[in-house]
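The residues making up each chain are set out below.
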Amino acid sequence: MAIINFEDYMHVGIIVNNIEETLEKMQKIFKIDEYRINLFPPENVNKDDIQLMYKGEKTWFTARFCFIKMGNSELELIEPLEGNSVWRDFLNEKGEGIHHLKFEVESLKETMDAFKEIGVECPQYGSAVGPNTGKIWAYFDTTKELGYVSEILNKKLWETL
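In this text, all values refer to a predicted model and were calculated from it rather than measured experimentally. (Residues numbered from 1 in each chain as written. Predicted model: local features only at pLDDT ≥ 70, side-chain atom pairs only at ≥ 80, totals over all residues. Heavy atoms only, no water.)

Peer 1: So, the overall build of the protein chain: which residues are in play, and what are the values?
Peer 2: Within the protein chain one finds four helices and ten strands. Going residue by residue from the N terminus, the α and β elements of the protein chain occur as β-α-β-β-β-β-β-α-β-α-β-β-α-β. Expected size for 161 residues packed as a compact globule is a radius of gyration near 15 Å; at 15 Å, the protein chain falls within 12% of this value. Dimensions of the protein chain, computed from the C-alpha atoms along their principal axes, are close to 45 × 35 × 30 Å. Buried residues in the protein chain amount to 45% of all 161 residues. (Helix = DSSP H or I, 4+ residues; strand = E, 2+ residues; numbered from the N terminus. Rg over C-alpha atoms; globule rule 2.2 N^0.38 Å. Buried < 20%, exposed > 50% of the residue type's maximum accessible area, 1.4 Å probe, protein only.)

Shown next, in the form of structure tokens:
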């Protein structure tokens, strides 16, 4: 049985060095009408109120995100700022490029268990913020199987792992 339903696709994530420089390059090729840039976690979030995990350890990292409207989904640009993260690892090891596809699932816990059964690890996860507060996002290292990382967001609010 499949772990993820393709119908629940949300976006493609691209790691970049600098969001503004990337947007400038993209606007020479693509017509971009709508986008928003956010700091993650937002400045008003208390470190104790958000859970960020990297390689099994509670940690702290920040990044800037740019969400660009792309048909019925979005393109997400991620600019790592501080701390160790899968985003920083990707930039250091591969440079800028496509990092992940994001999907929504009912239960992150069930999805984590299913990935674990087939040997796929979850190197990073954390508390969602903004309109997704109460949910958890997670990255699964599906690069051997698919050539890219799979990001998952649970639909179930306040799920515990």
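Peer 1: Any chance you could break down the pattern of salt bridges for me, citing the residues and the numbers?
Peer 2: A complete count under the given rule lists ten salt bridges for this structure. Here Arg64 ties to Glu20 by a salt bridge, and the two come within 2.6 Å at their closest N and O atoms. One end of the pair, Arg64, is in strand β5 (residues 63-70); the other, Glu20, is in helix α1 (residues 19-27), and 44 residues separate them in sequence. Overall, Arg64 belongs to the buried group, its relative accessible area being 19%. The partner of Lys55 in a salt bridge is Asp89, and the shortest N-O contact between them spans 3.8 Å. Within this pair, whereas Lys55 is found in the loop between β3 (52-54) and β4 (57-58), its partner Asp89 is found in helix α2 (residues 86-94), the two being separated by 34 residues in sequence. Under the relative-accessibility criterion, Asp89 is labelled buried at 19%. Through salt bridges with shared partners, one network takes in Asp8, Glu106 and Lys155. (Salt bridge = Lys/Arg side-chain N within 4 Å of Asp/Glu carboxyl O.)

Peer 1: I'd love a proper account of the pairing of strand β6 (residues 73-80), names of residues and values included.
Peer 2: Within β6, seven of the eight residues are buried, which leaves it mostly tucked inside the rest of the structure. The sheet contact formed by β5 and β6 spans eight bridges and is antiparallel. Following the sheet pairing, Lys69 is matched in β6 by Glu74. Following β5, the chain reverses through two residues before pairing antiparallel with β6; Gly71 in that reversal takes a positive phi of roughly 65°. (Pairing = 2+ DSSP bridges.)

Peer 1: For the side chain of Glu79, give the residues involved together with the corresponding values.
Peer 2: Turning to its location among the elements, Glu79 is positioned in strand β6. Owing to a relative accessible area of 8%, Glu79 belongs among the buried residues under this scheme. There is a polar contact of 2.9 Å between the side chain of Glu79 and the backbone nitrogen of Ile19. Beyond its immediate sequence surroundings of up to four residues, Glu79 is in contact with Val16, Asn17, Asn18, Ile19, Glu20, Ala63 and Arg64. (Polar contact = N/O pair within 3.5 Å; in protein donor to acceptor, adjacent residues only side chain to side chain. Contact = heavy atoms within 4.5 Å.)

Peer 1: Break down the nonpolar core for me, with residues and values.
Peer 2: Leu23, Ile68, Leu75, Leu77, Leu108, Phe140 and Ile152 are the most contacted members of the largest nonpolar core, which totals 25 residues. Counting only elements with at least two residues in this core, the list comes to β1 (9-15), α1, β5, β6, β7 (97-105), α3 (108-117) and β9 (136-140). Each residue touching Leu23, except ones within four places of it in the same chain, is listed here: Ile32, Tyr35, Ile37, Cys66, Ile68 and Leu77. Formed by 19 residues, the second largest nonpolar core is a distinct cluster that contains Val86, Trp87, Phe90 and Ala128. (Core = buried A, V, L, I, M, F, W, Y, C linked by side-chain atoms within 4.5 Å.)

Peer 1: For the packing of aromatic side chains, give the residues involved together with the corresponding values.
Peer 2: In total, this model carries 13 aromatic pairs according to the counting rule given. Seen in terms of ring centroids, Phe65 and Trp87 are 5.5 Å apart; in terms of plane orientation they differ by 90°. Their pairing is edge-to-face. Placement of Phe65 in strand β5 and of Trp87 in helix α2 is noted, with a sequence separation of 22 residues between them. The structure contains a cluster of three or more aromatic residues connected by ring pairs, namely Phe40, Phe61, Phe65, Phe67, Trp87, Trp137 and Tyr139. (Phe/Tyr/Trp six-rings, centres within 6.5 Å; stacked < 30°, edge-to-face > 60°.)

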